[in-house]
Amino acid sequence: MADFILEARNYDSLVARFGDLLEGIVEKTGRDIEATAKQIIIQKDIIDTGATLNTTESRRSIGADRFTREIGPTTDYAPFLEFGTTRTAARPFMRPAEETHRKPFLDAIGQVMQRA
């Protein structure tokens, strides 16, 4: 799907001063994307067994730093729903959810960076 990658000079200093705030922004954005994806799944009636809806979540990856979240379903067939196949049309739910929250996320990060 999509990745947000932010590069910052003086990373250790920024984390020391604003780490908890930045982590909170990442956590909130992850939950917001999760909620929006679930709304889209319901609105577009992408529910067959309910597995995609029920496994869509924001989670911290094992071994990942505290500023990283994986957001999405864990079903094997979710990419086929998102991107379609040769036989079925795409029914995107993760990309629109991410797009909805991209600007608020970047704005929140920008506000923290302005403080630095």
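Reading guide: rules and limits
- Residues numbered from 1 in each chain as written.
- Predicted model: local features only at pLDDT ≥ 70, side-chain atom pairs only at ≥ 80, totals over all residues.
- Heavy atoms only, no water.
- Helix = DSSP H or I, 4+ residues; strand = E, 2+ residues; numbered from the N terminus.
- Buried < 20%, exposed > 50% of the residue type's maximum accessible area, 1.4 Å probe, protein only.
- Salt bridge = Lys/Arg side-chain N within 4 Å of Asp/Glu carboxyl O.

**Student:** Give a detailed account of the environment of Ile109, specifying residues and quantitative values.
**Tutor:** Tracing the backbone shows Ile109 in helix 4 (residues 94-115). Accessibility expressed as a relative area gives 7% for Ile109, which makes it buried. Placed 51 residues apart in sequence, Ile109 and Ser58 show a C-alpha to C-alpha distance of 19 Å.

**Student:** Go over the pattern of salt bridges with me, naming the residues and quoting the values.
**Tutor:** The tally for this structure, following the rule as stated, stands at twelve salt bridges. Residue Arg102 pairs with Glu98 through a salt bridge whose shortest N-O separation is 2.7 Å. Of this pair, Arg102 and Glu98 both sit in helix 4, four residues apart, which is roughly one turn of the helix. Given a relative accessible area of 9%, Glu98 falls into the buried group. Shared partners join several salt bridges into a network, and the residues in it are Asp20, Glu23, Glu27, Arg31, Arg60, Arg66 and Arg69.

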